[in-house]
Amino acid sequence: MNIPEIIRQMTLEEKAGLCSGADFWHTKAIERLGVPQIMVSDGPHGLRKQDLEGDHLGVNDSIQAVCFPAGCATAASFDRQLVEKMGQALGEECQAENVAVLLGPAVNIKRSPLCGRNFEYYSEDPYVAGQTAASFIKGVQSKNVGVSIKHFYANNQEHRRMSSSSVMDERTKREIYLAAFEQAIQEAKPWTVMCSYNRINGVYAAQDKTALTEFLRDECQFDGFVMSDWGAVDDRAADLAAGMDLEMPSSEGVRDREIVRAVQEGRLPEAAVDLAVERILTIVDRYWQNQNPHANFDRDADHELSREIASQCMVLLKNEDHVLPLSKEKKTAFIGAFAEAPRFQGGGSSHIHCHKVESALEMAKDYPVIYAKGYDVSDHTVQQDLYEEAIRAAKSAETAVIFAGLPDALESEGYDRTHMRLPDCQNALISAVAKANPNTVVVLHNGSPVEMPWIDEVKGVLETYLCGQAVGGATVQVLYGDVNPSGHLAETFPRKLEDNPSYLFYPGEGDQTVYAEGVFVGYRYYATKKMPVLFPFGHGLSYTTFQISDLKTDKAAYADGETVRVTVHVTNTGDRAGKQVVQLYVLPQTKTDAVLRPVLELRGYEKVSLMPGETKTVSFELNRRAFAYYHTALQEWTVLDGDYAIAAGGSSAELETQQVIHIAGRKSLLTDITLNTTVGDILALKGAREILRPLMESYGRTMGDSASDSLGESTASMMEAQMKYMPLRGMISFGDGKITTDSCLAMVEELKKLL
Ligand code: BGC
């Protein structure tokens, strides 16, 4: 397409029209100019292509497709290649079905375990979310199909999602809520971004020019188009001016007319419409130029792939006395309705119409397994007959495996959970079965953490998350040891909901949700508070054991901005082949009151496959951002001068090896100096001590005597410690009369030259 020429020939009405959908899933075609339409479809963990009547809540049917593990599970794989492979399969499916843009990945941060959509999201940590998203995007887009990274941004709850305002400071925004988008956009260049429903500090995401234009385009170099979440438009002209290009779904012409009027009345420059049109046409053209008529959607092959991925995502949380893997010879009781009909996906727009689903029960048919239903998925009260049958089954078997989890109704897009518990009947069943059989294992199907009041009563827990339509086979492979579990938690499991840092502020008051915990989200909070948790971020067991050792950096001291090269050894110390996730954290060591920082932050990870006894060396490169925090007043990422520990381990709570390095970063954060600036802050500036010397001596002469009276001694260092928090003007009050306001002001001018 000759896009500039097409735009030149388009009428204002045609341009306005192109800025909203033709229907639920298509952009508009302009036949007279040869502009074809494109189709978009949900996403993210399968293709929800609706041929007939469209809806955004997964109510009406879509074509039969393959449900892959949801975001909660794929992030737990900590495996970039695997996620990319899943993306490739989805891209191929889209090509075969003429879908130009897949609506995902969903990268919102898991601020609270209650968010109804946590199952679609990746992590409480922006690095894991950003890396997983980048891999997914690279995979899908390698097939010349675009993605729509969503929901941009700060959409961390379903409660009042279309009206609530996420209120937060700039540092929290940058370090936590924008960071995953930033990383994925810069690394993988998504074709489109979907803006969220909510407001941020009072401004609708669709109208947030700072975010949509300055951040996305200027800072992240995003070059595709931004579309609205379905129905996220409030003021179309304001959206366009801010950089929100395509409204979805169709407004049946209503908003197109509003755009035309806004241009005619001079409220919206036509150039803003032209820009949106150009961006949309660029993607339309990119898709059609690269359309692959030979693409093939092989559902059975993708089902197999879905199983392979699922088996790499599951997290073995507990395995006392090696209760797992199960014996293929001895009798096992599978207890719980989810053994027969697993829960493997969540409700809402990501809901896939699966071409087949396999259960653990069916996939374990060759092993000695007996089954008892245990509970009714839709009735949360204990059903005596099911309960007794389950206990009988447990007693008759070597091991009892309970398939528990959250029923559909407790976890879905559109609303949040109200608590973090499993249904009461399941908790009661687990305790009772554990009493009946000491070898009890719980297999969980849930998209977000649950409380485990029975954790000390059972020997094993396997978290399968919502692992897609092939969850049954993958679970059996892991339970029986054909696959060695290698998933790790991309989020913390707190002991109870009240421990979560957002607890007091979630879901907010009316339409205001204040993110008062700031950057202390997830493990950043729990670790800093030294709070015991049920399972820490990064945790995940294996049937073998690993040792991570010998962390080395290429140097001991670095300049600000210099790359830090790290190597670390990882050894399989057990007797089975397995995979370990080597996690790299940075821990600021130098105490400062300049900024409140989490004790540790994840800055790298690598999943490593090892034979028994094998050792591999893993290399990491840490760039400036790994040590920086966002300084709001300076409006820049800042590295403070000081010591930083770099530590590696198999979980955030088990750091096995570390090195401390020094970075010659910024010593002073002052941006201005006035009479109210403290002496301590000024002294951090190179050369300031010389200028301040007369003041300090004057202060010393007057205060020295009284200090020695009260303390019995007076040393220069005590004096300096006392002066540290004194504003410069204090020298006038406490000096020996020789310091005047004018001399102080002259000194301020001198000091400013040091900034
Ligand atoms: C969801 C999006 C989804 C869209 C289209 C919205 O309700 O928030 O994630 O892509 O519907 O179904």
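Predicted model, so just to flag it, every value in this text is computed and none were measured.

> Hey, could you go over the sheet that holds strand β18 (residues 564-572) for me, with residue numbers and the actual values?
Judged by pairing direction, the sheet is antiparallel, and its 3 strands sit side by side in the order β16-β18-β21 without closing on themselves. A single partner strand is all that each edge strand has here, and the edge strands are β16 (546-553) and β21 (615-622). The average angle at which neighbouring strand axes cross in this sheet is 20 degrees, direction not considered. Taken together, the 6 bridges between β16 and β18 define a ladder with antiparallel strand orientation. Note on β18: the bridge partner recorded for Lys552 is Thr567.

> Which residues make up the domain arrangement of the chain, and what values go with them?
Taken domain by domain, the chain consists of domain 1 (3-289), domain 2 (300-529), domain 3 (546-664) and domain 4 (679-752). Put simply, the middle of domain 2 and the middle of domain 4, counted by C-alpha atoms, are 63 Å apart.

> Requested: an account of the packing of aromatic side chains, with residues and values cited.
In the structure shown here, the tally under the stated rule is 17 aromatic pairs. Plain terms: the ring middles of Phe152 and Phe181 are 5.0 Å apart, the flat faces sit at 80 degrees to each other, and that makes the pair edge-to-face. Remark: Phe181 occurs in helix α7 (residues 179-188) and Phe152 occurs in strand β3 (residues 146-152); sequence separation between them is 29 residues. Grouping residues by exposure puts Phe152 and Phe181 together as buried.

> Go over the pairing of strand β12 (residues 399-405), please, and point to the residues and values.
Within β12, 7 of the 7 residues are buried, which leaves the element mostly enclosed by the surrounding structure. Burial of the side chains of β12 extends over both faces: Thr399, Val401, Phe403 and Gly405 are buried on one face and Ala400, Ile402 and Ala404 on the other. Two strands pair when backbone bridges link them, and β12 and strand β13 (residues 440-445) are joined in this way by 6 bridges, in the parallel orientation. Within β13, the residue paired with Ala404 across the bridge is Leu444. Tracing the backbone out of β12, into helix α16 (residues 424-436) and back to the parallel element β13 gives a crossover that is right-handed.

> Outline the sheet that holds strand β4 (residues 165-167), supporting the account with residue identities and numerical values.
With mixed pairing, 4 strands are arranged side by side in an open sheet as β7-β6-β4-β15. The outermost strands of the open sheet, each flanked by one partner alone, are β7 (203-204) and β15 (512-514). Pairing geometry for strand β6 (residues 199-200) and β7, over 2 bridges, is antiparallel. Each bridged residue has a counterpart across the sheet, and for Arg199 the counterpart in β7 is Tyr204.

> Lay out the site of the ligand with the relevant residues and their values.
Not every one of the 15 residues close to the ligand is listed here, only the nearest: Asp42, Arg117, Lys150, His151 and Asp229. At 2.5 Å, a side-chain N or O of Asp42 approaches an oxygen atom of the ligand. For the ligand, the protein covers 100% of the area, taking 310 Å² as the surface of the free molecule. Residue composition of the shell around the ligand, by class: 5 nonpolar, 3 polar and 7 charged.

> Tell me about the environment of Ser77, and name the residues and values.
On the secondary structure map, Ser77 appears in the loop between α3 (71-76) and α4 (80-96). Residue Ser77 is classed as buried on the basis of its relative accessible area of 0%. In sequence terms Ser77 and Gly487 are 410 residues apart; their C-alpha atoms lie 4.7 Å from each other. Setting aside residues up to four positions removed in sequence, Ser77 forms contacts with Leu82, Val83, Gln312, Cys313 and Lys607.

> Lay out the pattern of salt bridges with the relevant residues and their values.
Within this structure, the stated rule accounts for 53 salt bridges. Here Asp274 ties to Lys15 by a salt bridge, and the two come within 2.8 Å at their closest N and O atoms. Residue Asp274 is located in helix α11 (residues 270-289), and its partner Lys15 is located in helix α2 (residues 12-18); the two are separated by 259 residues in the primary sequence. Of the residues examined, Lys15 reaches a relative accessible area of 5% and is grouped as buried. Among the salt bridges present, the one from Glu749 reaches Lys752, with a minimum N-O distance of 3.8 Å. Of this pair, Glu749 and Lys752 both sit in helix α23 (residues 741-752), 3 residues apart, which is roughly one turn of that helix. Judged by relative accessible area, Lys752 falls into the partly exposed class, the value being 32%. Each of Arg117, Glu120, Glu158, Arg161 and Glu413 takes part in a single network of salt bridges with overlapping partners.

> Help me get a handle on the nonpolar core, residues and values and all.
Among the nonpolar cores identified, the biggest contains 194 residues, and Phe152, Met227, Phe334, Ile335, Met452 and Leu479 are the most heavily contacted of them. The dominant element in this core, judged by the number of residues it contributes, is α11, at 9 residues. Grouped together as the second largest cluster of nonpolar side chains are 32 residues, Val608, Val639, Leu640 and Ile663 included.

> Describe α16, listing the residues and the values that go with them.
Taking 1.5 Å per residue as the helical rise, α16 with its 13 residues ought to reach 18 Å, and the 18 Å between its terminal C-alpha atoms agrees with that figure. Extensive coverage of α16 is indicated by the burial of 10 of its 13 residues. The complete set of buried residues in α16 reads Cys425, Gln426, Asn427, Leu429, Ile430, Ser431, Ala432, Val433, Ala434 and Ala436.

> Residues and numbers for the side chain of Arg161, please.
With respect to the helices, strands and loops of the structure, Arg161 is situated in the loop between β3 and β4. A polar contact of 3.0 Å, which involves the side chain of Arg161, links it to the side chain of Glu413. Among all residues touching Arg161, those that are not within four sequence positions of it are Leu57, Arg117, Asn155, Tyr197, Asn198, Glu413 and Gly414.

> I'd love a proper account of unusual backbone geometry, names of residues and values included.
In this model, Gly43 is joined to Pro44 through a cis peptide bond whose omega is -10 degrees. Turning to its location among the elements, Pro44 is positioned in the loop between β1 (40-42) and α3. Even without a glycine there, the phi angle at Phe78 is positive, about 45 degrees. Note on placement: Phe78 falls in the loop between α3 and α4. Unlike most non-glycine residues, Lys189 shows phi in positive territory, near 50 degrees. Assignment of secondary structure puts Lys189 in the loop between α7 and β5 (192-195). Among the residues examined, Lys189 registers a relative accessible area of 45% and is labelled partly exposed.

About the cut-offs
- Residues numbered from 1 in each chain as written.
- Predicted model: local features only at pLDDT ≥ 70, side-chain atom pairs only at ≥ 80, totals over all residues.
- Heavy atoms only, no water.
- Pairing = 2+ DSSP bridges.
- Helix = DSSP H or I, 4+ residues; strand = E, 2+ residues; numbered from the N terminus.
- Axes fitted to C-alpha atoms, helices over the stretch in contact; angles between N-to-C directions.
- Domains from an automatic or database assignment.
- Phe/Tyr/Trp six-rings, centres within 6.5 Å; stacked < 30°, edge-to-face > 60°.
- Buried < 20%, exposed > 50% of the residue type's maximum accessible area, 1.4 Å probe, protein only.
- Right-handed = clockwise from strand over helix to strand, strands pointing away.
- Near = heavy atom within 4 Å.
- Polar contact = N/O pair within 3.5 Å; in protein donor to acceptor, adjacent residues only side chain to side chain.
- Areas by Shrake-Rupley, 256 points an atom, 1.4 Å probe, with all protein chains shown as cover.
- Nonpolar A, V, L, I, M, F, W, Y, C, P; charged D, E, K, R; others polar.
- Contact = heavy atoms within 4.5 Å.
- Salt bridge = Lys/Arg side-chain N within 4 Å of Asp/Glu carboxyl O.
- Core = buried A, V, L, I, M, F, W, Y, C linked by side-chain atoms within 4.5 Å.
- Expected span 1.5 Å × (residues − 1).

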